[in-house]
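Survey of secondary and tertiary structure
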There are 2 protein chains.
Amino acid sequence: MKAPFFNAPIFRQLIEFKSSTYTYIIGCHKTGKAVIIDPVVDTVSRDIQIIRDLNLDLIYGLNTHVHADHITGTNSLKTVFPTMKSVLSSKSGGEADKYVSDGEIIEIGGLKLEVRETPGHTNGCLTYVEHSLRSAFTGDALLIRACGRTDFQQGNPASLFDSVHDKIFTLPEDYVVYVGHNYNGVLQTTVWEEKNLNPRLTKSKDQFVEIMKNLKLNYPKQIDKAVPANMVDGKGH
Amino acid sequence: MKAPFFNAPIFRQLIEFKSSTYTYIIGCHKTGKAVIIDPVVDTVSRDIQIIRDLNLDLIYGLNTHVHADHITGTNSLKTVFPTMKSVLSSKSGGEADKYVSDGEIIEIGGLKLEVRETPGHTNGCLTYVEHSLRSAFTGDALLIRACGRTDFQQGNPASLFDSVHDKIFTLPEDYVVYVGHNYNGVLQTTVWEEKNLNPRLTKSKDQFVEIMKNLKLNYPKQIDKAVPANMVDGKGH
Ligand SMILES: [Fe+2]
Ligand SMILES: [Fe+2]
């Protein structure tokens, strides 16, 4: 099987239906090097097949944060692609092969993923920016017309407000925002849309904090299983 | 509300979870003109909101074919955007404001959607190709590692085989293929992948016909409601 010819970076968005999680595969078409962002253990065999079909060299499995709603697929991926390294924020408190911090650049062949720390949903939340793709991968910091909750793990609405305003809304307005979840079947948004239309993040910081304190959300179904598993990189799953 | 500034064509893929249908919004960033492909009545209010948020001028609502698994949202869209015209294949037998045939070009501001007739799943199946986006929208003619079924409506496996080979596999191999449905959370494929990896369409024509005759699929749940509704452009829904 020869590798496919592509004349532009390889980009795949994927959805895991149970937790409505988005997974992303980003590859350099010149070198075949690739990363996966937020793989889910339930759909990891699908993702492995795509990586094999496209003959990609998977170098990193990145988690935007220690997830509470699904178990990461990074450990499963490592058993199939032994040279892949799992990546987490140095502030996450979780286990990983490689830790990254604000301002660092992760090279994927000719592509460059810029690491931006965007705490508030958890302490270790990261947003990844790929400028040549004019895209940001925000995990649960910024969602489509919403944002990650701040009522468990190390949730802090004031710090989430600052993260989004200082690290995401400062990007060019046409940048596409690829989020961690969406429950309405919407797959992407833009910096412009969220800056102008996000019902929470267009409010003042005080109002935002008030909104986030009064969401009255249900206790997440998978949290007691998912967080301990994800703190050790999905080991045992 | 000012319209957002974009420096590249506007493209949105959306998913309707009940029927796993993909809807697409394609817009010209210079003129704001846009079309929607395969809107679903159940998610049409979501799509209307996106079109309004992006301040798009929706000129056409295109159905790749008369669907059997969901009711089209074109009629609902026309009540909200009265200048929008619904579009179907001239060979579909269904009602629409505008009919198109093989080789026609639908202009969306500076974008050009080329119409390719790809019958076999139904008589009126169309594939739309936008060459500047290096993308093809195949409806149910070609699916990811699969294809539309040929055991109802005007299904004909031999003609589906020819459609895919003559009208889709002849595109450049890096063209992204955006399909009508996927049940595994995969959002896109490429001409290269399906030409090389599609388990049905890499077979000979005779073998393909044999495979399609022996799929033993369930009778589609919504067909008795969906087909009559879609033959009249979703009117009454
Ligand atoms: Fe989360
Ligand atoms: Fe269909």
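The structure displayed is predicted, hence computed values, not measured ones.

**A word on the relation of the copies chain A and chain B**
For the pair chain A and chain B, the relating rotation is 180°, the translation along its axis is 0.0 Å, and the fit reaches an RMSD of 0.0 Å. The two molecules are tied by a two-fold rotation axis, judged by turn and shift. When C-alpha distances to the rotation axis are compared across chain A, the minimum falls at phenylalanine 17 of chain A, with a value of 4.4 Å. Mapped onto chain B, 97% of the interface residues of chain A again fall at the interface, so both copies present the same surface.

**Topic: the UniProt feature "domain: Metallo-beta-lactamase" (unreviewed entry) in chain A**
UniProt annotation of "domain: Metallo-beta-lactamase" (unreviewed entry) refers to residues 20-181 of chain A when read in the numbering used here. Annotation note: span residues 20-181 of chain A, helix share 18%, strand share 34%, distance between end C-alpha atoms 6 Å.

**A word on the packing of helix 3 (residues 157-168) of chain A against helix 5 (residues 205-213) of chain A**
Residues and elements named next belong to chain A. Close contact between helix 3 and helix 5 brings their axes to 9 Å; oriented N to C, the two are set at 130°. With respect to each other, helix 3 and helix 5 are oriented oblique. Helix-helix and strand crossings are classified by hand; for helix 3 and helix 5 the assignment is right-handed. When helix 3 is examined against helix 5, the residues Pro157, Ala158, Leu160, Phe161 and Asp162 are found in contact with a partner set consisting of Lys205, Phe208, Val209 and Met212. Split into classes, the residues belonging to the contact of helix 3 with helix 5 amount to seven nonpolar, no polar and two charged.

**Topic: the pairing of strand 5 (residues 85-89) of chain A**
All names here are of chain A. The buried fraction of strand 5 is high, at four of five residues. As judged from the three bridges shared by strand 4 (residues 57-62) and strand 5, these two strands associate in the parallel manner. Counted as the bridge partner of tyrosine 60 is lysine 85 from strand 5. The parallel pair strand 4 and strand 5 is bridged by helix 2 (residues 74-80), and the resulting crossover is right-handed. With three bridges connecting them, strand 5 and strand 6 (residues 98-100) associate as parallel partners. Looking at strand 6, one finds that leucine 88 is bridged to tyrosine 99.

Reading the values: rules and limits
Residues numbered from 1 in each chain as written. Chains lettered and ligands numbered in written order. Predicted model: local features only at pLDDT ≥ 70, side-chain atom pairs only at ≥ 80, totals over all residues. Heavy atoms only, no water. Least-squares fit on C-alpha atoms with pLDDT ≥ 70 in both. Contact = heavy atoms within 4.5 Å. UniProt positions renumbered as here; feature names shortened; annotations may be inferred. Helix = DSSP H or I, 4+ residues; strand = E, 2+ residues; numbered from the N terminus. Axes fitted to C-alpha atoms, helices over the stretch in contact; angles between N-to-C directions. Parallel < 35°, antiparallel > 145°, perpendicular 65-115°, else oblique. Left-handed = near helix turned anticlockwise from the far one by under 90°. Nonpolar A, V, L, I, M, F, W, Y, C, P; charged D, E, K, R; others polar. Buried < 20%, exposed > 50% of the residue type's maximum accessible area, 1.4 Å probe, protein only. Pairing = 2+ DSSP bridges. Right-handed = clockwise from strand over helix to strand, strands pointing away.

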